[in-house]
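Residue-level listing of the chains:
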Amino acid sequence: MLAGCSDSADSGTADSGATITVFAAASLKSTFTELGRLFEGEHPDTRVVFNFAGSSDLFTQIDQGAPADVFASADTANMTKAVGAGLTASDPVNFATNTLTIVVPPGNPAGITSFADLARPGVDVVVCAPQVPCGNATQRIEDLTGVRLAPVSEESSVTDVLGKIVTGQADAGLVYVTDAAGAAGKVEAVPFPESARIVNTYPIAVLQKSGDHYAAGEFAAFVIGPEGRQVLSAAGFGAP
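None of the values given here were measured: they were computed from a predicted structure.

(A) The arrangement of the sheet that holds strand β2 (residues 46-53) in detail. Strand order in the open sheet formed by five strands is β2-β1-β3-β10-β4, and the pairing between neighbours is mixed. Edge positions in the sheet fall to β2 and β4 (93-98), since each of these pairs with one other strand and no more. Put simply, the sheet's adjacent strands are angled 20° from each other on average, direction ignored. Here helix α2 (residues 55-63) sits on the sheet and contacts β1 (18-25), β2 and β3 (70-72); the angle it forms with β1, its principal contact strand, is near 135°.

(B) Structural detail: the confidence of the model for the protein chain. A residue-level look at the protein chain finds 93% of positions with pLDDT of 70 or above and a mean pLDDT of 93. Counting contacts from residues 3-15, a segment whose pLDDT is below 50, to residues more than four positions away or on other chains yields 20 contacts.

(C) Looking closely at the sheet that holds strand β6 (residues 125-128). Read across the sheet, five strands follow the order β7-β6-β8-β5-β9 without closing on themselves; strand pairing throughout is mixed. Each of the sheet's edge strands pairs with one partner strand only, and the pair in question is β7 (153-155) and β9 (188-190). If you compare each strand with its neighbour and ignore which way they point, the axes differ by 35° on average. Sheet strands in contact with helix α4 (residues 133-145) are β5 (100-104), β6 and β8 (172-176), and its direction is about 95° off that of β5. Sheet contacts for helix α5 (residues 158-166): β5, β6, β7 and β8; angle to β8, the most-contacted strand, approximately 145°.

(D) Region of interest: the packing of helix α1 (residues 29-42) against helix α7 (residues 213-224). Between α1 and α7, whose axes approach to 11 Å, the crossing angle comes to 120°. In terms of axis orientation, α1 runs oblique to α7. Taken as a pair, α1 and α7 cross one another with a handedness that is right-handed. Here F32, L35, G36, L38, F39 and E42 of α1 lie close against α7, whose contacting residues are A215, E218, F219, F222 and V223.

(E) Spatial organisation of the layout of surface pockets. Taken as a whole, the largest pocket spans an internal volume of roughly 360 Å³. Considering the residues around the largest pocket, the lining is formed by 17 residues, among which S27, S30, T178, D179 and G182 are closest to the centre. Mapped onto the lining of the largest pocket, the elements with two or more residues apiece are α1, α5 and α6 (177-182).

(F) Layout of α5. For α5, the full list of buried residues reads V158, V161, L162 and I165. Around the axis of α5, the buried residues are gathered within 100° of arc, so they sit on the same side. Those residues of α5 that are buried lie in contact with β5, β6, α4, β7, β8 and α6.

(G) Structural detail: the state of the cysteines. Enumeration according to the criterion identifies one disulfide in this entry. What pairs with C128 in a disulfide is C134, and their sulfur atoms sit 1.8 Å apart. Linking C128 and C134, the disulfide has an S-S dihedral of approximately -95° and is accordingly described as left-handed. Just as C128 is buried, C134 falls in that class too.

(H) Region of interest: the pairing of strand β10 (residues 200-206). Counting buried positions along β10 yields six of seven residues, so the element is predominantly enclosed. By the bridge criterion, three bridges tie β3 to β10 in an arrangement that is antiparallel. For A72, the partnering residue across the bridge sits in β10 and is I204. Across five bridges, β4 lies against β10 in antiparallel orientation.

(I) Fine view of the packing of aromatic side chains. Tallying each qualifying case throughout the model produces 11 aromatic pairs. Between F32 and F219 the ring centres are 5.9 Å apart and the planes differ by 75°, which places this aromatic pair in the edge-to-face class. Linking F32 in helix α1 with F219 in helix α7, this pair joins segments that are 187 residues apart in sequence. Given a relative accessible area of 0%, F32 falls into the buried group. Here F50 and F219 contribute two aromatic rings whose centre-to-centre distance is 6.1 Å and whose plane-to-plane angle is 65°, an arrangement assigned as edge-to-face. Of the two residues, F50 is situated in strand β2 and F219 in helix α7; the sequence distance between them amounts to 169 residues. The exposure class assigned to F50 is partly exposed, which follows from its relative accessible area of 21%. For F219, a relative accessible area of 0% translates into the label buried. A connected cluster of aromatic rings, assembled from ring pairs, spans F32, F39, F50, F52, F95, Y176, Y202, F219, F222 and F237.

Rules behind the numbers
- Residues numbered from 1 in each chain as written.
- Predicted model: local features only at pLDDT ≥ 70, side-chain atom pairs only at ≥ 80, totals over all residues.
- Heavy atoms only, no water.
- Pairing = 2+ DSSP bridges.
- Helix = DSSP H or I, 4+ residues; strand = E, 2+ residues; numbered from the N terminus.
- Axes fitted to C-alpha atoms, helices over the stretch in contact; angles between N-to-C directions.
- Contact = heavy atoms within 4.5 Å.
- pLDDT = per-residue confidence, 0-100.
- Parallel < 35°, antiparallel > 145°, perpendicular 65-115°, else oblique.
- Left-handed = near helix turned anticlockwise from the far one by under 90°.
- 1 Å grid on protein atoms, 1.4 Å probe; cavity = no way out; pocket = protein on both sides within 12 Å on 5 of 7 lines; lining within 4 Å.
- Points joined across faces, edges and corners; volume = space filled by probe spheres on them.
- Buried < 20%, exposed > 50% of the residue type's maximum accessible area, 1.4 Å probe, protein only.
- Arc of directions from axis to C-beta.
- Disulfide = S-S within 2.5 Å.
- Phe/Tyr/Trp six-rings, centres within 6.5 Å; stacked < 30°, edge-to-face > 60°.

Next comes the structure, spelled out in structure tokens:
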């Protein structure tokens with residue numbers, strides 16, 4: 001169950017003027033920002049504040065006591081850690097899936113056409129750090145293909161990888177298909193078939209130390225509901 005008990009919501013409604021803080025994976029920034037606006041439109045007494053970062057960083061912040069009401073991770077591993085640490089007040093619910101794609105600067109100057117091309121000598125590749133979900137997915141693709149990358153940089157979030165390509169600091173990077181779609185015109189996507197076998201699943205949960213379990217549960221339910229699914233699907237996320 002997503003909605004918990006609100007300290008002052010005996011009537012089953014959130015407090016007037018409530019604010020909830022949502023810790024969400026960096027790859028959710030565009031979609032969750034839109035969902036936050038839609039949610040506030042339907043719940044005018046509730047304000048949604050976001051903290052976007054790599055899922056592993058978000059877990060660490062929550063575990064160290066950072067105030068948050070909802071956690072949305074880009075993988076099940078970091079959510080499992082949150083559950084194991086007693087940080088969640090509700091059972092996590094999977095709400096989306098995502099896969100990786102290669103992104104290159106416009107014109108693809110390095111001529112990247114496959115995952116194996118990323119290991120060519122002289123190709124500057126940027127990836128997520130191994131502890132970040134997109135970095136873990138990259139490692140799993142390396143294991144699957146037997147291709148070993150020698151990245152020039154390992155970033156703490158997928159948006160940082162994308163930024164390196166947008167600004168021309170590398171020849172190629174590995175990001176989620178949703179990030180590539182959101183940066184259309186600034187980068188070019190180079191799909192590769194192996195990515196379909198490595199799928200990241202996104203779970204969401206209300207946190208134990210939320211100041212308003214009811215409002216937090218309402219937002220989580222909104223994400224997994226029809227409007228949330230529509231926004232996520234339009235951005236390129238797959239169904240859970």
